[in-house]
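# Structural description and commentary
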Amino acid sequence: MSALALALVLTGALCHAIWNIVAKKAAGGLPFVWLFGQVSVIAALPVAGWLWLHSPQAFDAPMWIAAIGSGIIHVVYSLVLQKGYQVGDFAVVYPIARGSGPMLTVIVAVLLFSELPSLTGALSVAAILVGLFVSADGGRIFRGGANSKRRLGVIWGLLTGLCIASYTVLDGWAIKGLGMQPLLFYVVGLIARSALLAPFALRRPDELRAQWQAHRGAILTVGLLSPAAYSLVLYALQFAPLSYVAPVREISMLIGTLLGARLLKEAVRPTQIVGAIIMLVGVAGLAFA
């Protein structure tokens, strides 16, 4: 991986960790997701318009399918992530989501494309599984009833990881396979997200006003940092293989765990830190698989 691509991915990872911490503090559900989506569209649209004027790209049918499909998956991802933050601790949901995403990406590649992982790849996936188990405190998640906070955090974290794997595969195909310009691809997906959520969000104007009044700063922060983090990764895909970019970006889970524990004042157990490190080792191993 080139120095430029590495710098883009690491900067994106930092932005990703920060906006997730801010989103956890808000935990606002669908109205929050729709509002920060509007901020993202407003911020990104002028830049995309300028780019299109200077380097226009005609969208064919596969490109439209990829961009709108990415938007749909991101809607599900955002809602699932917010639900996880509402019912679980950040230090559980975030690292499990970010650690399971690359692992599930490998599984999807095996099932859909018959890509058998190498020994290093198989060991890396195993390391991520061990890290997930350690981070979740092993069998403790299965004690205390179905509504235990830790167990719910693990479940919603894994569901978020499934969404991450889905859009990672789709986005890699769009940028590398179809040759789409990252920002144009991203903005079309953003607009698709806003359009899909609009009927549900606009029917609750009181909730939208309440969210804006209570979490204006968080909405602006997430709305700006989320597209920044994602765009940096999309641009990195132009300079480095998906198999390198996807694992390296997951260093955000370790950043998030450490920053989240400090800023959210959550009680983080040593096993969670150890589990995050093991997952990070496994994710890094995938880059060399």
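Let me sum up the structure you'll find in this document. These numbers were taken from a predicted model, which means no experiment stands behind them. (Residues numbered from 1 in each chain as written. Predicted model: local features only at pLDDT ≥ 70, side-chain atom pairs only at ≥ 80, totals over all residues. Heavy atoms only, no water.)

### Considering empty space enclosed by the protein
By the definition in use, this model includes five cavities of 30 Å³ or more. In this model, the largest cavity occupies a volume close to 110 Å³. Around the largest cavity sit His16, Trp19, Phe36, His74, Tyr77, Ser78, Tyr167, Tyr186, Arg193, Ser226, Tyr230 and Arg249, which together line it. Looking at the lining of the largest cavity, the elements that each hand over two or more residues are helix H1 (3-26), helix H3 (61-87), helix H7 (182-202) and helix H8 (205-236). Ranked by residue count, the leading element in the lining of the largest cavity is H3, at three residues. Looking at side-chain class alone, the lining of the largest cavity contains six nonpolar, four polar and two charged residues. Volume-wise, the second largest cavity comes out at about 90 Å³. In terms of lining, the second largest cavity is formed by Val33, Trp34, Phe36, Gly37, Gln38, His74, Val75, Ser78, Leu190, Arg193, Ser194 and Leu197. Those elements giving two or more residues to the lining of the second largest cavity turn out to be helix H2 (29-54), H3 and H7. (1 Å grid on protein atoms, 1.4 Å probe; cavity = no way out; pocket = protein on both sides within 12 Å on 5 of 7 lines; lining within 4 Å. Points joined across faces, edges and corners; volume = space filled by probe spheres on them. Helix = DSSP H or I, 4+ residues; strand = E, 2+ residues; numbered from the N terminus. Nonpolar A, V, L, I, M, F, W, Y, C, P; charged D, E, K, R; others polar.)

### Some words on the packing of H2 against H3
Between two packed helices, both the angle of their axes relative to each other and the distance between the axes serve to describe the pair. In contact at an axis separation of 9 Å, H2 and H3 are set at 130° when each is read in the N-to-C sense. With respect to each other, H2 and H3 are oriented oblique. For the pair H2 and H3, the sense of crossing is right-handed. When H2 is examined against H3, the residues Gly29, Leu30, Phe32, Val33 and Phe36 are found in contact with a partner set consisting of Ser78, Leu79, Gln82 and Gln86. In the contact of H2 with H3, the residues fall into five nonpolar, four polar and no charged. (Axes fitted to C-alpha atoms, helices over the stretch in contact; angles between N-to-C directions. Parallel < 35°, antiparallel > 145°, perpendicular 65-115°, else oblique. Left-handed = near helix turned anticlockwise from the far one by under 90°. Contact = heavy atoms within 4.5 Å.)

### Observations concerning the side chain of threonine 160
On the secondary structure map, threonine 160 appears in helix H6 (residues 149-177). Aside from chain neighbours lying at most four places away, what touches threonine 160 is Tyr77, Val80, Leu81 and Ala97.

### Some remarks on the nonpolar core
Among the nonpolar cores identified, the biggest contains 62 residues, and Phe32 and Phe185 are the most heavily contacted of them. Elements represented by at least two residues in this core include exactly H1, H2, H3, helix H4 (90-113), H6, H7 and H8. Apart from residues no more than four positions distant in its own chain, phenylalanine 32 is found in contact with Ala23, Ala26, Gln82, Gln211, His215, Ala218, Ile219 and Val222. Ile96, Leu104, Ile128 and Val283 belong to the second largest nonpolar core, which has eleven residues in total. (Core = buried A, V, L, I, M, F, W, Y, C linked by side-chain atoms within 4.5 Å. Buried < 20%, exposed > 50% of the residue type's maximum accessible area, 1.4 Å probe, protein only.)

### Topic: the packing of H3 against H7
Orientation of H3 relative to H7, taken along the N-to-C sense of each, is 55°, at an axis distance of 8 Å. In terms of orientation, H3 and H7 fall into the oblique class. Here the hand of the crossing between H3 and H7 comes out right-handed. Between H3 and H7, the contacting residues are Trp64, Ala66, Ala67, Ile68, Ser70, Gly71, Ile72, His74, Val75 and Leu79 on the first element and Phe185, Val188, Gly189, Ala192, Arg193, Leu196 and Leu197 on the second. Across the contact of H3 with H7, the residue classes break down as twelve nonpolar, four polar and one charged.

### Examining the pattern of salt bridges
A side chain of one charge can pair with a side chain of the opposite charge if their charged atoms are brought near each other. Scanning the model with the defined rule gives two salt bridges in all. Of the charged contacts, one joins glutamate 207 and arginine 204 as a salt bridge, the two residues approaching to 3.5 Å between their closest N and O atoms. A residue is classified by how much of its surface remains accessible, and glutamate 207, at 36% relative accessible area, is partly exposed. By relative accessible area, which is 29% here, arginine 204 ends up partly exposed. Here aspartate 206 ties to arginine 209 by a salt bridge, and the two come within 2.3 Å at their closest N and O atoms. On the criterion of helical spacing, the pair formed by aspartate 206 and arginine 209 is a turn pair, its members being three residues apart in helix H8. Given a relative accessible area of 54%, aspartate 206 falls into the exposed group. (Salt bridge = Lys/Arg side-chain N within 4 Å of Asp/Glu carboxyl O.)

### What to know about a nonpolar patch on the surface
A surface patch of nonpolar side chains, about 420 Å² in accessible area, is lined by Trp64, Ile68, Ile72, Val76 and Leu196. The element that contributes the greatest number of residues to the nonpolar patch is H3, accounting for four residues. (Patch = residues over 30% accessible without salt bridge, like charges linked within 9 Å, V, L, I, M, F, W, Y side chains within 5 Å. Areas by Shrake-Rupley, 256 points an atom, 1.4 Å probe, with all protein chains shown as cover.)

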